[in-house]
Amino acid sequence: MAREVQITVDCADPERLATFWAQALGYELQGPPPGFGSWEQALTAFGVPPERHNDAHAVVDPAGAGPRLYFQRVPEGKAVKNRVHVDVRAAPDVQGEERMTALEREAARLVEHGATRLERHEPAPPMTAGHIVMADPEGNEFCLD
């Protein structure tokens, strides 16, 4: 039986990363529980002190097809390269220079939202498609594929 998947990211600033990944994936910030106009209202009603309002944030696929991404604040910073990373399929059916041009456009857009461009990998046999390695605002690596 298949299971529903949530991807959890440890981070220093959940709201910032949630906002970035919503932009990167075409997701939206998860709304507050029913009966509340904002998360601030809900968290205050639940007795969460203001300094803890940014302990967690989530983004969801508006179409309901992709996994929920959950960002939780942790005290330690990122120390080493990710063992698991996200591939953002920005040009899945495009080849050659047209593909790399599309990936470059997406890389530039994501840099405007706080990403860092790390390196470009040209198409080379046996692989027929290149990709661009990026990092989100907290340094988590991902690929534009």
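Everything quoted here is computed from the prediction, not taken from an experiment.

Participant: Could you clarify how one ought to interpret the overall build of the chain in this entry?
Facilitator: Within the chain one finds three helices and eight strands. Overall size of the chain, expressed as C-alpha extent along the three principal axes, is 55 × 35 × 35 Å. Classification of the 145 residues of the chain by burial places 30% in the buried group. Summarising the internal contacts of the chain: among those between residues at least 6 apart in sequence, 59% fall at separations of at least 24. Of the charged side chains in the chain, 14 are positive and 23 negative, and the gap between their average positions amounts to 4 Å.

Participant: I tried to follow the environment of Thr 8 on my own but got confused; where do I start?
Facilitator: Note on placement: Thr 8 falls in strand 1 (residues 6–11). Considering only alpha carbons, one finds Thr 8 and Leu 118, 110 residues apart in sequence, at a separation of 23 Å. Discounting residues that sit within four places of it in the chain, Thr 8 has contacts with Tyr 70 and Gln 72. A distance of 3.4 Å separates the side chain of Thr 8 from the side chain of Gln 6, its partner in a polar contact.

Participant: What am I meant to see in the pairing of strand 7 (residues 131–135) here?
Facilitator: Regular strands show a simple pattern: their side chains alternate between the two faces of the sheet. Of all five residues making up strand 7, four are buried, and the element is well covered by its neighbours. The pairing of strand 6 (residues 116–121) with strand 7 spans five bridges and is classified as antiparallel. Following the sheet pairing, Thr 116 is matched in strand 7 by Ala 135. Judged from the four bridges that link them, strand 7 and strand 8 (residues 141–144) form a sheet pairing that is antiparallel. Considered in strand 8, the bridge of Ala 135 is made with Glu 141. Between the end of strand 7 and the start of strand 8, which pair antiparallel, lie five residues, with Gly 139 showing a positive phi angle near 90°.

Participant: Would you mind going over the pattern of salt bridges with me for this structure?
Facilitator: Once their charged atoms are close, side chains differing in charge can pair, the charge on each being opposite to the other. Evaluated as defined, the whole model comprises nine salt bridges. As a salt-bridge pair, Arg 73 and Asp 55 come within 3.5 Å of each other at their nearest N and O atoms. With Arg 73 in strand 4 (residues 68–73) and Asp 55 in the loop between helix 2 (39–45) and strand 3 (56–60), this residue pair connects regions lying 18 residues apart in the sequence. Between Glu 104 and Arg 120 there is a salt bridge; the shortest N-O distance is 2.7 Å. Note that Glu 104 is positioned in helix 3 (residues 96–112) and Arg 120 in strand 6, a separation of 16 residues in sequence. For Glu 104, a relative accessible area of 24% gives the class partly exposed.

Participant: Just to check I follow, could you spell out the sheet that holds strand 4 for this structure?
Facilitator: Two orientations exist for strands paired in a sheet by backbone hydrogen bonds: parallel and antiparallel. Across the sheet, four strands lie side by side as 1-4-3-2; this open sheet has mixed pairing. Each edge of the open sheet is held by one strand with a lone partner, namely strand 1 and strand 2 (28–29). Pairing analysis gives four bridges linking strand 3 to strand 4, with the strands arranged antiparallel. Of the residues in strand 4, the one forming a bridge with Val 59 is Leu 69.

Basis of the calculations
Residues numbered from 1 in each chain as written. Predicted model: local features only at pLDDT ≥ 70, side-chain atom pairs only at ≥ 80, totals over all residues. Heavy atoms only, no water. Helix = DSSP H or I, 4+ residues; strand = E, 2+ residues; numbered from the N terminus. Buried < 20%, exposed > 50% of the residue type's maximum accessible area, 1.4 Å probe, protein only. Contact = heavy atoms within 4.5 Å. Lys, Arg positive; Asp, Glu negative; His and termini not counted. Charge placed at Lys NZ, Arg CZ, Asp CG, Glu CD. Polar contact = N/O pair within 3.5 Å; in protein donor to acceptor, adjacent residues only side chain to side chain. Pairing = 2+ DSSP bridges. Salt bridge = Lys/Arg side-chain N within 4 Å of Asp/Glu carboxyl O.

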